[in-house]
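Secondary and tertiary structure notes
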Amino acid sequence: MKINITKKEYETLLDILGIADWVLHVHHVKERSDTGKYKELEQQIFSYAKDMGFEELVSYEDLLKGYSPTRKFEETTPGMDFIREFEADSFWDELVHRLVDRDVLRLVGEERLSSMPVKERFEMEDPVEKRYGEEFYKNGLDNLTFRS
């Protein structure tokens, strides 16, 4: 099968690959063995950058023996805006949910929580989640403190 895409679509595909690569690898110092098939496809797509007129966004690196996004790509891709938005939203969402889980667990105990019907658990979590959500919306992290 052959896929034909325009230059604009190729540029969008580069943005999508940048977002995907960030999600897969940003928190991993070492090379991941479980993402090889994604890297292979990324390399294949990157290999067309020069033919598509985007050599300023993707270049071949002899040291890496492969293609990689250039600094210009990293500075100009709209994908980074989506990544920053996603990370900010994820931070607040994850913080609230972890605090809710902790508080409800402390309140009812692990045994009761594990046997609690889903509806009852949601009814218990909902006001706690709203309280944290409102607090962080109004004050960010200003009122978050830790006891020693």
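Heads up: the structure comes first, above all this text.
Below is a summary of the structure that appears in this document. From a predicted model like this one, the values you see are computed outputs, not experimental measurements. (Residues numbered from 1 in each chain as written. Predicted model: local features only at pLDDT ≥ 70, side-chain atom pairs only at ≥ 80, totals over all residues. Heavy atoms only, no water.)

Observations regarding the packing of helix α1 (residues 7–25) against helix α2 (residues 36–46)
Defined as follows: What counts as an axis is a line fitted to C-alpha atoms, over the stretch in contact for a helix, and the angles between N-to-C directions run from 0 to 180 degrees. For helices the rule is a DSSP run of H or I covering at least 4 residues; for strands it is a run of E covering at least 2, with both sets numbered from the N terminus onward. Should an angle fall under 35 degrees it is called roughly parallel, over 145 degrees roughly antiparallel, and 65 to 115 degrees roughly perpendicular, with every other angle called oblique. In this scheme the crossing of two helices becomes right-handed for a clockwise turn of the near helix relative to the far one and left-handed for an anticlockwise turn of less than a right angle. It only takes one pair of heavy atoms within 4.5 Å for two residues to be counted as in contact. Amino acids are sorted into nonpolar (Ala, Val, Leu, Ile, Met, Phe, Trp, Tyr, Cys and Pro), charged (Asp, Glu, Lys and Arg) and polar (every other residue, Gly among them).
In the contact formed by α1 and α2, the axes pass within 11 Å of each other and the chain directions differ by 155°. Taken together, the axes of α1 and α2 lie roughly antiparallel to each other. The element α1 and its partner α2 pack so that their crossing is left-handed. Where α1 abuts α2, its residues Tyr10, Leu13, Leu14, Leu17, Asp21, Leu24 and His25 lie against Tyr38, Lys39, Glu42, Ile45 and Phe46. Considering only residue class, the contact of α1 with α2 consists of eight nonpolar, one polar and three charged.

With respect to the pattern of salt bridges
Quick note on the threshold: By convention in these notes, a salt bridge is any Lys or Arg side-chain nitrogen within 4 Å of a carboxyl oxygen on Asp or Glu. Burial classes: relative accessible area under 20% of the type maximum marks a residue as buried, over 50% as exposed, and values in between as partly exposed (1.4 Å probe, protein chains only).
Tallying each qualifying case throughout the model produces twelve salt bridges. Between Lys8 and Glu11 there is a salt bridge; the shortest N-O distance is 3.3 Å. Here Glu11 and Lys8 lie together in helix α1, a separation of three residues that amounts to about one turn. Residue class for Lys8 comes out exposed when judged on its relative accessible area of 58%. Classification of Glu11 by relative accessible area gives partly exposed; the value is 25%.

What is shown is where atoms sit, not what they do.
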